[in-house]
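Each chain, letter by letter, is given below.
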Amino acid sequence: MGASGSGKSTWAAAGYRADEIVSSDALRGVVGSGPHDLDASADAFDLLERIVAARLGRGLTTVVDTLGLDGARRTAWRAAAREAGLPAVVVVLDTPPELCRSRNRERDRPAPAPVVTTQLRTVRDVGTALDLEGWDVIHRVEATGRAPEDAAPPVRDLRSQAPEERRSSQGLRFVLQVSRFPWGEDPATWLSGVATAADDAGFAGLAVMDHLIQIPQVGRAWEPIPEPWVTLGLLAGLDTRLELGTLVTPVTFRPAGVTAKAAATLDALTGGRAFVGLGAGWWEREHAAYGLPFPPPADRLDAVEAAIETMRALWASGTRAHDGARVSLPETTSYPRPAHDVPIVLGGSGDRTMRIAARLADAVNLPSALGTLDHKLPILREHAEAAGREVTVTVLDLPVVGRDRDDTWARVERLRGSTPAGHYLRRTNAGVPAQQRVRYAELAERGVDTVFLAVGDLDGADDLERLAPLLD
């Protein structure tokens, strides 16, 4: 895709055989008086489409050398590649406008200047939306006017790009879970500030709860608890490296296909930084308040298994029908595709939940209490061994973290309510960062990979400073 003079034909010829390239200009020369005979365009494109269809039908690499600015044609070519089982690739020639105009002027039959200006504007506008069109690979070529190399540069496969790995010196990844939102009169600024500060502090990601009413473990029912996927969409627009997702989305809130669509869109927008925390749901009150069914536990866990299968099917390549162990879908047309394999983190520590995680999920989220882990981890590993898989262990940690001893005790007093101070201190592992790191070393020794960190008194961006030492 590129304007006249952007270098599309030169780039294609540098990396592909002439027989692999189907050029609209060349075909104008076949059916018309020359490559710039615009009167022959209709016949040329008719021939081009027939050649593309024939090559794809044989599973052959096909390079379509044309402007690429017609959205309907792009959609049809992408669909045809998918139907043929081939990767759908778009190459964008990001050539400086003046260079395009200069090359165009040097041609025997230059395109009119206003036409080139319109093409350049269209390339710019369409280029920003390509990530949402569902291409398997998007490759942008920065043309400088220099002679091309002997071979075309390697393409950038969005599905192979993993976020930068961020781990503490203890080998743990930390994801900030934001569970309360004291955002005052400017919610967007508060959220953006917290996310940016978390990124600067070294957190690997940020998660939000998926609840319809603020839960009593965190706050009062009338305190804000935003819809998570809308919230994550806002955070996706920030210049951070944070992985983004939910901890966790109940299968009872939305059809699994809708969650799959939301996660795939988030992954496309962030270049492969989305994850899905999934659970069976537990709070009947919010279901009743919003008119949602709340089936028995066994049925909800059945729904978890079906949800994972549905999401995997919709994230896979192609649009074919899916007839699986739990789910049948007449088609799997879901674009944009995720930019990478979206991890599914299953929340819960019950035996069946751990069996589902061992068979179907990428990770399981357990409580961080060492005694609980010592009991649950052997069971989880036994299930994983039986399934012939490995499952990543993550924990949800809810500590009270103070800057020093006095600050820690002040926070305990403010947060404990009617709970005796000593009991609350032990339950929340209240302490300064150095004390928390002793505990985190024990988590790492037990094979924990990621800590979802949620503090009950996160007031805003400035408050991330006291948590930063945990990530060293």
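What comes next is a walk through the structure.

1. So, the overall build of the protein
Looking only at helices and strands, one finds 16 helices and 15 strands in the protein. The principal-axis extent of the C-alpha atoms belonging to the protein is close to 90 × 45 × 40 Å. Within the span of the protein, comprising 472 residues, buried residues form 48% of the whole. Nonlocal contacts in the protein, meaning residues at least 24 apart in sequence, comprise 71% of its contacts between residues at least 6 apart. Counting 53 positive and 64 negative side-chain charges, the protein places the averaged centre of each group 1 Å from the other.

2. With respect to the pattern of salt bridges
Considering all chains together, one arrives at 37 salt bridges under this definition. In this structure, the salt-bridge partner of Arg74 is Glu133, at a minimum N-O distance of 2.8 Å. Taken together, the positions of Arg74 in helix 4 (residues 71-83) and Glu133 in the loop between helix 6 (113-127) and strand 4 (137-142) put the pair 59 residues apart, joining distant regions of the chain. Between Glu305 and Arg359 there is a salt bridge, with the nearest N and O atoms lying 2.5 Å from each other. In this pair, Glu305 is assigned in helix 11 (residues 297-315) and Arg359 in helix 12 (residues 351-360), connecting sequence segments 54 residues apart. In this structure Arg359 comes out as partly exposed when scored by relative accessible area, which is 35%.

3. Quick look at helix 14 (residues 405-415)
All buried positions along helix 14 are accounted for by Asp407, Thr408, Arg411 and Val412. The buried side chains of helix 14 occupy one side of the element, clustering within an arc of 140 degrees when seen end-on. Along helix 14, exposed side chains directed more than 90 degrees from the buried face belong to Arg405, Asp406 and Arg414. Contacts made by the buried residues of helix 14 are with helix 15 (421-427). Of the residues flanking the end of helix 14, it is Gly417, one or two places downstream, whose phi is positive at about 60 degrees.

4. What to know about the side chain of Arg74
Residue Arg74 is classed as buried on the basis of its relative accessible area, which comes to 6%. A distance of 3.5 Å separates a polar atom in the side chain of Arg74 from the backbone oxygen of Leu69. Those residues in contact with Arg74 that sit more than four places away from it in its chain are Met1, Gly68, Leu69, Val126, Leu130, Glu133 and Trp135.

5. As for the packing of aromatic side chains
All chains considered together, the criterion is met by six aromatic pairs. Taking 5.7 Å as the distance between ring centres and 20 degrees as the angle between the ring planes, the aromatic pair formed by Trp282 and Trp283 counts as stacked. The class of Trp282 is partly exposed, set by a relative accessible area of 46%. Given a relative accessible area of 11%, Trp283 falls into the buried group. Here a set of aromatic residues connected by ring pairs shows up, and it is made of Phe181, Trp183 and Trp190. Note that Arg78 overlies the ring of Trp135, its terminal NZ or CZ placed 5.5 Å from the centroid. Of note, Arg78 hangs over the ring of Tyr335, and the distance from its end group to the ring centre comes to 5.8 Å.

6. Quick look at the packing of helix 8 (residues 228-236) against helix 9 (residues 256-270)
Contact geometry of helix 8 with helix 9 gives a least axis separation of 10 Å together with a crossing angle of 10 degrees. The pairing of helix 8 with helix 9 is recorded here as roughly parallel in orientation. Within the contact between the two elements, helix 8 uses Trp229, Leu232 and Ala236 and helix 9 uses Thr259, Ala262, Ala263, Leu266, Leu269 and Thr270. Residues that form the contact of helix 8 with helix 9 fall into these classes: seven nonpolar, two polar and no charged.

7. Things to note about unusual backbone geometry
A cis amide bond links Leu247 with the next residue in sequence, Val248, at an omega value of -10 degrees. In this fold, Val248 is placed in the loop between strand 7 (243-246) and strand 8 (249-250). In the Ramachandran plot, Asn429 falls in the positive-phi region, its phi being about 50 degrees despite a non-glycine side chain. Structurally, Asn429 is set in the loop between helix 15 and helix 16 (433-445).

8. Some points on the environment of Val64
Within the fold, Val64 resides in strand 2 (residues 63-65). Sequence separation between Val64 and Ala461 is 397 residues; the distance between their C-alpha atoms is 49 Å. In this structure, Val64 is in contact with Val22, Leu48, Val52 and Trp77, ignoring residues within four places of it in sequence.

9. What about the side chain of Arg300?
Considering the arrangement of structural elements, one finds Arg300 in helix 11. At 7.6 Å, Glu284 is the nearest oppositely charged side chain to Arg300, a buried residue that forms no salt bridge. Within the structure, the side chain of Arg300 is placed 2.6 Å from the backbone oxygen of Pro295, a separation counted as a polar contact. Those residues within four positions of Arg300 in sequence are excluded, and the remaining contacts are Val251, Thr252, Ala280, Gly281, Trp282, Phe294 and Pro295.

10. Considerations on the nonpolar core
Core analysis: the biggest nonpolar cluster contains 77 residues, and Leu176, Phe203, Leu206, Leu278, Trp315, Leu464 and Leu467 have the highest contact counts within it. Top element by residues in this core is helix 11. It accounts for eight residues. Counting residues in hydrophobic clusters, the runner-up holds 15 residues, among them Val90, Val92, Trp135 and Ile138.

11. A look at the environment of Trp409
Secondary-structure assignment places Trp409 in helix 14. Note: C-alpha distance between Trp409 and Ala421 (twelve residues apart in sequence) is 8.9 Å.

12. As for the pairing of strand 14 (residues 392-397)
One ladder, built from five bridges, connects strand 13 (residues 363-367) with strand 14; its direction is parallel. For Ala363, the partnering residue across the bridge sits in strand 14 and is Thr392. Pairing of strand 14 with strand 15 (residues 450-453) involves four bridges; the strand directions are parallel. The residue of strand 15 that forms the bridge with Leu396 is Phe452.

Rules and cut-offs
Residues numbered from 1 in each chain as written. Predicted model: local features only at pLDDT ≥ 70, side-chain atom pairs only at ≥ 80, totals over all residues. Heavy atoms only, no water. Helix = DSSP H or I, 4+ residues; strand = E, 2+ residues; numbered from the N terminus. Buried < 20%, exposed > 50% of the residue type's maximum accessible area, 1.4 Å probe, protein only. Contact = heavy atoms within 4.5 Å. Lys, Arg positive; Asp, Glu negative; His and termini not counted. Charge placed at Lys NZ, Arg CZ, Asp CG, Glu CD. Salt bridge = Lys/Arg side-chain N within 4 Å of Asp/Glu carboxyl O. Arc of directions from axis to C-beta. Polar contact = N/O pair within 3.5 Å; in protein donor to acceptor, adjacent residues only side chain to side chain. Phe/Tyr/Trp six-rings, centres within 6.5 Å; stacked < 30°, edge-to-face > 60°. Lys NZ or Arg CZ within 6 Å of the ring centre and 35° of its normal. Axes fitted to C-alpha atoms, helices over the stretch in contact; angles between N-to-C directions. Parallel < 35°, antiparallel > 145°, perpendicular 65-115°, else oblique. Nonpolar A, V, L, I, M, F, W, Y, C, P; charged D, E, K, R; others polar. Core = buried A, V, L, I, M, F, W, Y, C linked by side-chain atoms within 4.5 Å. Pairing = 2+ DSSP bridges.

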